[in-house]
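Spelled out, the chains give:
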Amino acid sequence: MLGQVHDHIVKELGDSSRTDTIFVLTAIVFNLIVLGINSSVSLGATAEDETFTYDLVLAAFVVLTISVNVIAVAAMGLGRRTRRMLLDGVVAMYRDNDVDKYYDPSMVSNYGTRYLLFTGVIVTLAATAIVVPFIIRFTDSG
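Please read these numbers as outputs of a predicted model, since none were measured by experiment.

Calculation rules
Residues numbered from 1 in each chain as written. Predicted model: local features only at pLDDT ≥ 70, side-chain atom pairs only at ≥ 80, totals over all residues. Heavy atoms only, no water. Helix = DSSP H or I, 4+ residues; strand = E, 2+ residues; numbered from the N terminus. Rg over C-alpha atoms; globule rule 2.2 N^0.38 Å. Buried < 20%, exposed > 50% of the residue type's maximum accessible area, 1.4 Å probe, protein only. Contact = heavy atoms within 4.5 Å. Areas by Shrake-Rupley, 256 points an atom, 1.4 Å probe, with all protein chains shown as cover. Axes fitted to C-alpha atoms, helices over the stretch in contact; angles between N-to-C directions. Parallel < 35°, antiparallel > 145°, perpendicular 65-115°, else oblique. Nonpolar A, V, L, I, M, F, W, Y, C, P; charged D, E, K, R; others polar. Salt bridge = Lys/Arg side-chain N within 4 Å of Asp/Glu carboxyl O. Lys, Arg positive; Asp, Glu negative; His and termini not counted. Patch = residues over 30% accessible without salt bridge, like charges linked within 9 Å, V, L, I, M, F, W, Y side chains within 5 Å.

K.L.:
Explain the overall build of the chain here, please?
P.N.:
In terms of regular secondary structure, the chain is built from three helices and zero strands. Taken from the N to the C terminus, the helices and strands of the chain come in the order α-α-α. Rg of the C-alpha trace for the chain: 22 Å, well past the compact-globule value of 14 Å for 142 residues, more than 25% over. Projected onto the principal axes, the alpha-carbon positions of the chain cover approximately 75 × 25 × 15 Å. Looking at the chain as a whole, 30% of its 142 residues are labelled buried. Long-range contacts, defined as pairs at least 24 residues apart, comprise 84% of the intrachain contacts of the chain with a sequence gap of at least 6. As presented, the chain carries roughly 8800 Å² of accessible surface, and 68% of it is formed by carbon and sulfur atoms.

K.L.:
Sorry if this is basic, but what is going on with the packing of helix α1 (residues 2-47) against helix α3 (residues 106-138) here?
P.N.:
In a packed pair of helices, the relevant descriptors are the angle between the two axes and the axis-to-axis distance. At a closest axis distance of 7 Å, the pairing of α1 and α3 adopts a crossing angle of 10°. It follows from the interaxial angle that α1 and α3 lie roughly parallel. Classifying every residue of the contact of α1 with α3 gives 19 nonpolar, seven polar and two charged.

K.L.:
How do you make sense of the pattern of salt bridges when you look at a structure like this?
P.N.:
Enumeration according to the criterion identifies four salt bridges in this entry. A salt bridge links Arg-137 to Asp-55; the nearest nitrogen and oxygen atoms lie 2.6 Å apart. Within this pair, whereas Arg-137 is found in helix α3, its partner Asp-55 is found in helix α2 (residues 52-96), the two being separated by 82 residues in sequence. For Asp-55, a relative accessible area of 27% puts it in the partly exposed group. As a salt-bridge pair, Arg-84 and Asp-88 come within 3.5 Å of each other at their nearest N and O atoms. Highlighted residues: Arg-84 and Asp-88, both in helix α2, separated by four residues, approximately one helical turn. Residue classification places Asp-88 among the partly exposed residues on the basis of a relative accessible area of 38%. When salt bridges with common partners are traced through the structure, they connect Lys-11, Asp-15 and Arg-18 into a single cluster.

K.L.:
Sorry if this is basic, but what is going on with the side chain of Arg-83 here?
P.N.:
Mapped onto the fold, Arg-83 is located in helix α2. Of the side chains bearing the opposite charge, Asp-20 lies closest to the buried Arg-83, which forms no salt bridge; the N-O distance is 5.0 Å. Other than its neighbours up to four places away in sequence, Arg-83 contacts Leu-13, Ser-17, Tyr-111, Arg-114 and Tyr-115.

K.L.:
Got a minute to help me understand the side chain of Asp-20 in this structure?
P.N.:
Relative to the helices and strands, Asp-20 resides in helix α1. Sequence-distant contacts of Asp-20, defined by excluding residues within four places in its chain, comprise Ala-75, Met-76, Gly-79 and Tyr-115.

K.L.:
Would you take a moment to explain unusual backbone geometry for this structure?
P.N.:
In most cases, non-glycine residues show a negative phi, while peptide bonds are predominantly trans. In the Ramachandran plot, Asp-98 falls in the positive-phi region, its phi being about 55° despite a non-glycine side chain. Structurally, Asp-98 can be placed in the loop between α2 and α3.

K.L.:
Help me understand a nonpolar patch on the surface in this model?
P.N.:
On the surface, Val-29, Ile-33 and Ile-37 cluster together into a nonpolar patch covering about 240 Å² of accessible area. The topology assignment puts Val-29 in helix α1. Since its relative accessible area comes to 46%, Val-29 is described here as partly exposed.

Right, dumping it as structure tokens:
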């Protein structure tokens, strides 16, 4: 029975990792695409006399960018907590069976640091996707 519990926890860890990877990659790709779109829209606004439509599109993409990134960061937080609970269970199982010396407990904190770094990448790209188009939009092109 213990082997089945261990296998189940390991499977959950794998599923959690795949889900986290999907959220990170989606957020990164989304932010890069939105950076391109927003920059193009901002550039168009600087070349036209009627800028309201461009500004409205830019504002809509900013709201969308914030929403998608808040969801991605929340998902990363949930993934971090889930991984922590699962790993705590594995460590307890190893300790109960006197095999904990083969698993370095610092790995748990390393995973936490990795989540913070991934979150930092997401937030940095989101900020870039918002700030750069505004710099383009409001900088004098002449």
